[in-house]
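What follows is each chain in one-letter form.
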Number of protein chains: 2
Amino acid sequence: MAHVLVAPRLRLNRDRVLQAAVQLADRIGIDALSMRRLAEELGVVPMALYKHVANKDELLDGMVDVTVAEIDPPDRDLDWKAAVRLRVLSARQMLLRHPWARSVLESRTRETPTVLDYMESTIGMFLAGGFSADLTHHVMHALGSRMWGFTQELFDASAGPDRPPVDTAAQVAQLQAMAERYPHILQISAVAAHDDSVVARGCDDRFEFEFALDLLLDGFERLRDAGWSSAASPTA
Amino acid sequence: MAHVLVAPRLRLNRDRVLQAAVQLADRIGIDALSMRRLAEELGVVPMALYKHVANKDELLDGMVDVTVAEIDPPDRDLDWKAAVRLRVLSARQMLLRHPWARSVLESRTRETPTVLDYMESTIGMFLAGGFSADLTHHVMHALGSRMWGFTQELFDASAGPDRPPVDTAAQVAQLQAMAERYPHILQISAVAAHDDSVVARGCDDRFEFEFALDLLLDGFERLRDAGWSSAASPTA
DNA sequence: ACCTGAACACCGTTCAAGT
DNA sequence: ACCTGAACACCGTTCAAGT
């Protein structure tokens with residue numbers, strides 16, 4: 001097979017395994033990435049991988065490390081708000097390059113050094129911006145996965161299976177049924193329908209992401225300026 | 001086996017299959033839930049399930065429907081903010097009952113009627129509260145998965161495998177290493193350390209959730225009162 | 001030190017057959 | 001109409017053996 005010729009039995013090591021796994025996931029998706037498939041890709045028997053990663057879980061942890069390390073380091077010349085904003089958007093760019101990384105990042109519970117480094121420097125941006133440790137703690141929680149450049153979108157059409165093509169008559173009938181049962185959904189979808197596609201298409205993902213991010217950052221700033229403390233919080 | 005005696009061959013139907021799947025997932029977790037295991041639970045051969053759900057994906061969609069239907073309907077006597085708040089917290093309660101539902105909800109891309117109903121009525125709360133369709137659209141995106149009562153927490157310790165118990169000497173050494181490399185992480189963790197456990201424990205999940213939720217709701221209100229429109233948005 | 005072969009205990013799903 | 005049996009093409013991982 002082709003890949004045996006392309007990769008003629010270089011000695012494996014952990015890094016080669018992780019790099020190959022990331023590239024393979026980029027190409028065939030995370031569901032199709034199995035230890036067996038990865039081994040085949042490397043021209044090696046499945047068990048050979050287990051010398052370099054303990055098991056599949058550790059492989060996934062390693063793949064997270066590779067991708068998180070791609071996120072730009074903080075820009076020290078910017079104020080906290082611009083710095084956080086830019087960095088989160090850099091994380092988002094990384095996720096656009098590795099679409100599978102989101103779900104893997106979500107399912108990980110192991111704190112690898114690379115992930116801790118990322119959190120450490122992000123926390124540092126808030127502290128340097130005059131946030132108390134108390135407020136920074138809650139702000140980091142509020143940021144949550146947005147720190148990694150993603151949020152759960154309502155329906156990520158691109159992540160799903162391709163819809164079967166629907167003929168125009170059926171589409172019209174479907175819309176009429178929708179209009180009756182889900183008038184509000186149609187109403188707010190129409191706002192975003194810049195082009196011909198009628199429902200839940202053409203939302204500007206970047207706009208939505210920055211809208212929520214800026215709403216949060218503005219809220220954080222307001223709390224900081226008001227001298228917010230969890231002890232005096234109205235919701236406590 | 002016990003379950004054969006307990007469930008002596010009632011005729012299966014889609015609803016019995018879904019209910020059994022939800023209960024089984026509550027008990028053994030979503031990873032352990034297989035078509036084969038579920039069939040065994042129902043005292044039936046695996047293939048018998050395929051008469052009632054097309055495949056595993058449809059089973060998961062059905063399980064989402066069952067749990068989403070448990071979320072309280074909107075309280076019409078409350079103003080929009082209190083109503084949204086209460087409902088999202090009700091969703092959160094449902095997720096505490098069915099911890100597996102979060103990841104399944106995240107991975108679904110099919111809009112089932114139950115899920116659409118939930119979105120429809122949530123959108124309705126904002127529209128009734130005087131939000132424009134335009135703003136409601138973006139507000140729903142900003143809410144994102146928080147609408148379902150969850151957010152990605154930084155490290156969900158409870159979701160991970162049990163940590164091996166560490167002896168005190170090793171723990172002290174580990175803390176010293178952390179203090180050197182991750183001073184900021186330690187600093188904001190200390191704030192939340194109410195009890196003896198030292199790092200990343202004892203965060204009040206409900207407090208964190210409401211902190212971020214209220215921050216967003218307040219931000220939404222501010223934009224509404226300012227007559228926000230995406231056409232005039234500074235980030236556009 | 002690194003890789004292999006054969007095996008184990010699982011998956012989801014199809015197809016043809018039973019009642 | 002509903003359930004079964006046998007089979008297919010996959011998984012992750014262990015263990016003992018090869019070089």
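For every chain, the first residue of the written sequence is number 1, and numbering continues from 1 onward in sequence order. Note on labels: chains are lettered from A, ligands numbered from 1, in written order. Thresholds applied to this predicted model are a pLDDT of at least 70 for local features of residues and 80 or more for the giving and counting of side-chain atom pairs; totals over whole chains, interfaces and linings are not thresholded and use all residues. For side-chain calculations, the full set of non-hydrogen atoms in the structure is used, while hydrogens and water are omitted.

J.: Just checking my understanding: could you explain the protein's contact with DNA strand D for this structure?
T.: Neighbouring DNA strand D are 16 residues, the closest being Arg36(A), Met47(A), Tyr50(A), Lys56(A) and His52(B). Of all DNA strand D atoms lying within 4 Å of any protein atom, the proportion belonging to sugar or phosphate reaches 49%. Met35(A) places a main-chain nitrogen or oxygen 3.0 Å from a phosphate oxygen of DNA strand D. By the convention adopted, Pro, Cys, Tyr, Trp, Phe, Met, Ile, Leu, Val and Ala count as nonpolar, Lys, Arg, Asp and Glu as charged, and the other residues, Gly among them, as polar. Classifying every residue of the surface near DNA strand D gives eight nonpolar, three polar and five charged. Nearness is judged by heavy atoms alone; a residue qualifies as near a molecule or strand once a single heavy atom is within 4 Å of it. Polar contact is the term for a pair of N or O atoms within 3.5 Å; when the atoms are in protein, one must be able to donate a hydrogen and the other to accept it, and sequence-neighboring residues count only if both atoms are side-chain atoms.

J.: I would appreciate a short explanation of the protein's contact with DNA strand C in the present structure.
T.: Among the 17 residues in the neighbourhood of DNA strand C, the closest are listed as His52(A), Arg36(B), Met47(B), Tyr50(B) and Lys56(B). Backbone atoms, meaning sugar plus phosphate, form 49% of the atoms of DNA strand C positioned within 4 Å of the protein. The backbone of Val45(A) places a nitrogen or oxygen atom 3.0 Å from a phosphate oxygen of DNA strand C. Tallied by class, the residues present in the surface near DNA strand C amount to eight nonpolar, three polar and six charged.

J.: Help me understand the confidence of the model for chain A, please; the structure alone is not making it clear to me.
T.: As a note on interpretation, predicted positions should not be read in detail where pLDDT is low. Residue and element names in this part refer to chain A. Scored between 0 and 100, pLDDT is the confidence that the predictor attaches to each residue. Scored by pLDDT, chain A has a mean of 85; 82% of the residues are at 70 or more. Scored below 50 in pLDDT, residues 1-8 makes three contacts in the model with residues more than four places away or belonging to other chains. Confidence over residues 194-202 falls short of pLDDT 50; this stretch has 11 contacts with residues more than four positions distant or in other chains. Any two residues whose heavy atoms approach within 4.5 Å at even a single point are treated as in contact.

J.: What should I look at first to understand the pattern of salt bridges in this one?
T.: In a structure, side chains of opposite charge can pair up when their charged atoms sit close to one another. Here, a salt bridge means any side-chain nitrogen of Lys or Arg that lies within 4 Å of a carboxyl oxygen of Asp or Glu. On inspection of all chains with the given rule, the structure shows 26 salt bridges over all chains. Put simply, Arg181(A) and Asp117(B) hold a salt bridge, and the shortest N to O gap is 2.7 Å. Here Arg181(A) is found in helix H9 (residues 168-181), whereas its partner Asp117(B) is found in helix H7 (residues 113-128) on a different chain. By relative accessible area, which is 44% here, Arg181(A) ends up partly exposed. For the salt bridge of Arg85(B) with Asp214(B), the shortest nitrogen-to-oxygen distance reads 2.8 Å. In this pair, Arg85(B) sits in helix H5 (residues 80-97) while Asp214(B) sits in helix H11 (residues 205-225), placing the two residues 129 residues apart along the sequence. Each residue is assigned to one of three classes by its accessible area relative to the maximum for its type, calculated with a 1.4 Å probe on protein chains only: buried under 20%, partly exposed between the two thresholds, exposed over 50%. For Arg85(B), a relative accessible area of 23% gives the class partly exposed. Among the charged side chains, a salt-bridge network with shared partners connects Arg85(A), Arg206(A), Glu210(A) and Asp214(A). In this description a helix means any DSSP run of H or I spanning at least four residues, a strand means any run of E spanning at least two, and both kinds are numbered starting from the N terminus.

J.: Looking at this model, I keep getting lost on the packing of helix H2 (residues 14-28) of chain B against helix H4 (residues 56-68) of chain B. Mind explaining?
T.: The packing of two helices is summarised by the inter-axis angle and the distance between the axes. Residue and element names in this part refer to chain B. In contact at an axis separation of 9 Å, H2 and H4 are set at 80° when each is read in the N-to-C sense. Considering their axes alone, H2 and H4 lie roughly perpendicular with respect to each other. On the side of H2, the interface is formed by Arg14, Val17, Leu18, Gln19, Ala21, Val22 and Ala25, while H4 contributes Glu58, Leu59, Gly62, Met63 and Val66. Along the lines of polarity and charge, the residues of the contact of H2 with H4 split into eight nonpolar, two polar and two charged. To get an axis, a line is fitted to the C-alpha atoms, and for a helix only the part in contact is used. The angle between two axes follows their N-to-C directions and goes from 0 to 180 degrees. Just so you know how the angles are binned, under 35 degrees is roughly parallel, over 145 roughly antiparallel, 65 to 115 roughly perpendicular, and the rest oblique.

J.: So what exactly am I meant to see when it comes to a nonpolar patch on the surface here?
T.: All names here are of chain A. Side chains of Val45, Met47 and Tyr50 sit close together on the surface and give an oily, nonpolar patch of about 310 Å² of accessible area. Topologically, Val45 is positioned in the loop between helix H3 (35-41) and helix H4 (56-68). Val45 sits in the exposed class, given a relative accessible area of 55%. Here, patches come from residues exposed beyond 30% relative accessible area and free of salt bridges, joined within 9 Å for like charges and within 5 Å for nonpolar side chains (Val, Leu, Ile, Met, Phe, Trp, Tyr). Only the protein chains shown count as cover for residues, and the accessible areas themselves come from Shrake-Rupley with a 1.4 Å probe.

J.: How do you make sense of H4(A) when you look at a structure like this?
T.: Because an α-helix packs 3.6 residues into every turn, residues spaced three or four apart end up facing the same way. Residues and elements named next belong to chain A. For a helix, the expected span equals 1.5 Å multiplied by the number of residues minus one. Relative to the 18 Å expected for 13 residues at 1.5 Å per residue, H4 spans 18 Å between its end C-alpha atoms, a close match to the ideal helical length. Summarising burial for H4: 10 of the 13 residues are buried, a large majority. Next to the buried residues of H4 lie helix H2 (14-28), H3, helix H5 (80-97), helix H6 (101-107) and helix H7 (113-128). Residue Asn55 occupies the N-cap position of H4, its side-chain oxygen lying 3.3 Å from the main-chain nitrogen of Asp57.

J.: Explain the packing of aromatic side chains to me, please; I cannot follow it from the model alone.
T.: A ring pair, where both rings are aromatic, is described by two values, the distance of the centres and the angle of the planes. Residue and element names in this part refer to chain A. Two rings belonging to Phe, Tyr or Trp (six-membered ring only in the last case) form a pair when the distance between their centres is within 6.5 Å. Interplanar angles under 30 degrees mark stacking, angles over 60 mark edge-to-face geometry, and anything in between is tilted. What the rule picks out here adds up to 14 aromatic pairs over all chains. Considering the side-chain rings of Phe207 and Phe211, the 6.5 Å spacing of their centres and the 20° angle between planes classify their relative orientation as stacked. Residue Phe207 and its partner Phe211 are both found in helix H11 (residues 205-225); the two are separated by four residues, about one turn of the helix. One aromatic cluster is present, built from ring pairs that chain together Trp80, Phe126, Phe131 and Phe220.

J.: In this structure, what is going on with the nonpolar core? I would like to understand it.
T.: Nonpolar side chains in soluble globular proteins generally cluster together in the buried interior. Counting 136 residues, the largest nonpolar core has Leu59(A), Trp148(A), Phe220(A), Leu59(B) and Phe220(B) as its most contacted members. Ignoring any residue separated from it by four or fewer positions in sequence, one finds Trp148(A) in contact with Val68(A), Ile71(A), Ala91(A), Arg92(A), Leu95(A), Leu105(A), Val115(A), Tyr118(A) and Met119(A). We define the nonpolar core as a collection of buried residues of types Ala, Val, Leu, Ile, Met, Phe, Trp, Tyr and Cys that are connected through side-chain atoms lying within 4.5 Å of one another.

J.: Would you take a moment to explain the domain arrangement of chain A for this structure?
T.: How big an interface is tends to be stated in terms of accessible area lost as the parts join. Residue and element names in this part refer to chain A. We note that the domain assignment places domain 1 (14-66), domain 2 (74-153 + 198-232) and domain 3 (165-193) within chain A. Just so you know, the domain bounds were taken from an automatic or database domain assignment. Between the C-alpha centres of domain 1 and domain 2 there is a distance of 29 Å. With 11 residues of domain 1 at the contact, the number on the domain 2 side is 11 residues. As used here, buried area is the combined drop in accessible area, with a 1.4 Å probe, of two parts when they are placed together. Looking at the side of domain 1 facing domain 2, the largest losses of area belong to Asp61, Val64 and Asp65, adding up to 48% of the total buried there.

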